[in-house]
Amino acid sequence: MLTALHFIADGLWIVAMALIASTSQGALKRVPADAKMPMQWGKDGKPTWRLSRNVALGWMFGLPLVVGLGLSALSRLAVHDAQSAVILFLMRTLLAALFAVVCLTWLRGSLRTLEDEGVVIP
């Protein structure tokens, strides 16, 4: 059972990473290389800080990847009973979905802001 939970959680994490990667690849095609992508918005709806396109998309893909690999290693090495396996399984599936939603929401907001500014290639 412990192995099955590990593989199911890995599969869900792979699906989330594939979703993030495919949408990021689509954004790479639409956003010019020299564009600065908004990372955070203020209360007035205007971007408060920006990063270059490659750094922003790399950060949004790299952070979930590192967290997912760390949790995968933790579930393989540190889980010895069923209760810990279930808790870690639930945490991994929740975080995979959460990272996917956060990354997609950020990307949608960032592309909308860049479209309003006339930066995005249609």
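Described below are features of the structure shown in this document. Here the residue index of a chain counts from 1 through its sequence in written order. Side-chain atom pairs in this predicted model are given and counted only at pLDDT of 80 or more, local residue features only at pLDDT of at least 70, and totals for whole chains, interfaces and linings cover all residues. Computation of side-chain values: all heavy atoms of the structure, hydrogens and water removed.

### A short note on the nonpolar core
Nonpolar side chains in soluble globular proteins generally cluster together in the buried interior.
Right, on to step 1. Among the nonpolar cores identified, the biggest contains 28 residues, and W13, V31, M37, L57, W106, L107 and L111 are the most heavily contacted of them.
Right, on to step 2. Where helices and strands are cited, they refer to DSSP runs of H or I of at least four residues and of E of at least two residues respectively, numbered from the N terminus. Mapped onto this core, the elements with two or more residues apiece are α1 (2-30), β1 (36-41), α2 (53-77) and α3 (82-116).
Right, on to step 3. What makes two residues a contact is simply this: any of their non-hydrogen atoms within 4.5 Å. Residues in contact with W106, not counting those within four places in the same chain, are M37, P38, M39, W41, A56, L57 and M60. As used in this record, nonpolar core signifies buried Ala, Val, Leu, Ile, Met, Phe, Trp, Tyr and Cys residues forming a set joined through side-chain atoms within 4.5 Å. The rule is simple: take the accessible area with a 1.4 Å probe, protein chains only, and divide by the maximum for that residue type; under 20% is buried, over 50% is exposed, in between is partly exposed.

### Brief notes about the packing of α1 against α3
Right, on to step 1. Between α1 and α3, the shortest axis-to-axis distance is 9 Å and the interhelical angle comes to 5°. It follows from the interaxial angle that α1 and α3 lie roughly parallel. Structural elements are reduced to axes, namely lines fitted to C-alpha atoms, with helices fitted over the stretch in contact, and the angle between N-to-C directions of any two is expressed from 0 to 180 degrees. Small angles under 35 degrees read as roughly parallel and large ones over 145 as roughly antiparallel, with 65 to 115 read as roughly perpendicular and the rest as oblique.

### Quick look at the packing of α1 against α2
Right, on to step 1. Between α1 and α2, the least distance of the axes is 11 Å, while the angle of their chain directions is 175°. With respect to α2, the axis of α1 lies roughly antiparallel.
Right, on to step 2. When residues are sorted by character, Ala, Val, Leu, Ile, Met, Phe, Trp, Tyr, Cys and Pro go into the nonpolar class, Asp, Glu, Lys and Arg into the charged class, and all the rest, Gly among them, into the polar class. Counted by class, the contact of α1 with α2 contains 14 nonpolar, seven polar and three charged residues.

### A closer look at the pattern of salt bridges
Right, on to step 1. Here a salt bridge means any side-chain nitrogen of Lys or Arg lying within 4 Å of a carboxyl oxygen belonging to Asp or Glu. Summed over the entire model, instances satisfying the criterion amount to three salt bridges.
Right, on to step 2. A salt bridge links E115 to R30; the shortest N-O distance between them is 2.7 Å. Here E115 is found in helix α3, whereas its partner R30 is found in helix α1, with 85 residues between them in sequence.
Right, on to step 3. Where E117 meets R50, a salt bridge forms, and the shortest distance between an N and an O atom there is 2.4 Å. Of the two residues, E117 sits in the segment after α3 while R50 sits in strand β2 (residues 47-52), which places them 67 residues apart along the sequence.
Right, on to step 4. Look at E117 and you get partly exposed, because its relative accessible area is 40%.
Right, on to step 5. R50 sits in the partly exposed class, given a relative accessible area of 30%.

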